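As a plain string of letters, each chain reads:
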Amino acid sequence: MSRHIELSDTALTAPSRLDVAAVECMMLFPDDELTRQRAFNTCLVEFSRSCSATLPREVLESLFDIAADAPRLEDIQHEVKKKRVIWGTIAGRILVEAVGHSKLGAPFTMKAAVEVATRAFRHNSHPGRSSQIIRVEPRTVANEIWPKFGPVAHYWAAWGELALDGKKDFPCHTDDLYEFLAFSEAYRRLGESIRLAPRSPKPILTPDLTVRLPATIESAVPKLDLRFRSNAHKQ
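Now for a quick tour of the structure. Keep in mind the model is a prediction, meaning the values are calculated, not measured.

Cut-offs and rules
- All residue numbers refer to position in the chain's written sequence, counted from 1.
- Reporting of local features is limited, given that this is a predicted model, to residues whose pLDDT is at least 70; pairs of side-chain atoms are given and counted only at 80 or more, and all residues count toward the totals for whole chains, interfaces and linings.
- With hydrogens and water set aside, each side-chain value is computed from the structure's full complement of heavy atoms.
- Strands are runs of DSSP state E lasting at least 2 residues, helices are runs of H or I lasting at least 4, and numbering of each runs from the N terminus.
- Whether two residues touch is decided by their heavy atoms; if any such pair falls within 4.5 Å, the residues are in contact.
- Using the Shrake-Rupley algorithm and a 1.4 Å probe, accessible areas are obtained, with residue cover drawn only from the displayed protein chains.
- Paired rings are identified among Phe, Tyr and Trp, the last through its six-membered ring, by centres lying within 6.5 Å, and are further divided according to the angle between planes into stacked (under 30 degrees), edge-to-face (over 60) and tilted (the rest).
- Remark: exposure states derive from per-residue accessible area (1.4 Å probe, protein chains only) relative to the maximum for the residue type, with buried under 20%, exposed over 50%, and partly exposed in between.
- Here the expected length of a helix is defined as 1.5 Å per residue gap, with one fewer gap than residues.
- What the arc covers is the set of directions going from the helix axis to the C-beta atoms.
- By convention a nonpolar core is built from buried Ala, Val, Leu, Ile, Met, Phe, Trp, Tyr and Cys residues, the set being connected through side-chain atoms within 4.5 Å.
- Any N or O atom pair separated by 3.5 Å or less is treated as a polar contact, with the protein-specific requirement of one donor-capable and one acceptor-capable atom, and with residues adjacent in sequence counted only for side-chain atom pairs.
- The working definition used for a salt bridge is a side-chain nitrogen of Lys or Arg within 4 Å of a carboxyl oxygen of Asp or Glu.

## Things to note about the overall build of the protein
Along its length, the protein carries 9 helices and 0 strands. Ordered by position from the N terminus, the helices and strands of the protein form the series α-α-α-α-α-α-α-α-α. Excluding contacts between residues fewer than 6 apart, the proportion of contacts in the protein whose partners are at least 24 apart in sequence is 69%. Surface accessibility of the protein: about 12900 Å² in total, with carbon and sulfur atoms responsible for 53%.

Structure, rendered in structure tokens:
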């Protein structure tokens, strides 16, 4: 059974920072429900502090227990910097390559997509700083990265689309959530229809495992025709 990101009913029309945080936490911790919830609690506490003057007293009091168990934002950022953004970026890139090859009618294999997605992370261009480099090998993708981050690869692909347009917020600015979700849905729909090979029993994104949006949000997201910007045309 597929999982869903918990978003407010107004996530498309009047999104809040908490809607973006829900997406962000699922992207970073798709394989760790406890850490994901604690990370979201941290975002909730930070958001509440920013608007504490407008919150009822009973709401503020209810946040005390949450704040006590929430990790420091610095600790979450440290975990993220170690590997999760890199792993998510690789998963998103694999999906982008798969979609692009499919749209161009070019041959595609998972091995080739992994090669492209991990190329930048397999070479240490700063030998004197090797301890700061996270090395990623193709076997790591098959055994760890794709099983964990494949179900949220469409969100990472959407982040990449916004980044190509010069939008650097992760995963997006609140004002860009509508566009971000439109991109993620476009990638999800295509990813769930693309087969790694003509006779492959499964698409690259397995519908039963893909992390989806709430049904009411999903049905309201506009359908995009993706403009492909990968390396497929160079193959």
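## As for the packing of aromatic side chains
Using the criterion set out here, one finds 5 aromatic pairs in the structure. With a centroid separation of 6.3 Å and 85° between ring planes, the pair formed by Trp87 and Phe149 is classed as edge-to-face. Of this pair, Trp87 sits in helix α4 (residues 73-104) while Phe149 sits in helix α6 (residues 138-149); the two residues are 62 residues apart in sequence, bridging distant segments of the chain. Its relative accessible area of 8% is what places Trp87 among the buried residues.

## Regarding α6
Taking 1.5 Å of rise per residue, 12 residues should cover 16 Å, yet α6 covers just 14 Å from first to last C-alpha, more than 12% shy of that figure. For α6, the set of buried residues is Thr140, Val141, Ile145, Trp146 and Phe149. When α6 is viewed along its axis, its buried side chains cluster within an angular range of 135° and face the same direction. Looking at α6, the residues exposed on the side facing more than 90 degrees away from the buried face are Arg139, Ala142 and Asn143.

## Let's talk about the nonpolar core
Leu7, Ile94, Tyr155, Phe180, Leu181 and Ile204 are the most contacted members of the largest nonpolar core, which has 57 residues in total. Where this core is concerned, the elements lending two or more residues are α1 (17-28), α2 (33-50), α4, α5 (110-118), α6, α7 (153-164) and α8 (177-191). It is α4 that contributes the most residues to this core, 9 residues altogether. Contacts of Ile94, omitting those with residues within four sequence positions, involve Met110, Ala113, Val114, Ala117, Val141, Trp146 and Ile204.

## Some remarks on the side chain of Thr210
With respect to the helices and strands, Thr210 occurs in the loop between α8 and α9 (215-220). Within the local environment of Thr210, its side chain forms a polar contact with the backbone oxygen of Thr206, the two atoms lying 2.9 Å apart.

## A short note on the pattern of salt bridges
For the coordinates displayed, the defined rule picks out 11 salt bridges. Put simply, Arg188 and Glu192 hold a salt bridge, and the shortest N to O gap is 2.8 Å. Per residue, the accessibility class of Arg188 equals that of Glu192, and both read buried. Sharing partners across several salt bridges, the network here consists of Glu185, Arg188, Arg189, Glu192, Arg212 and Glu218.

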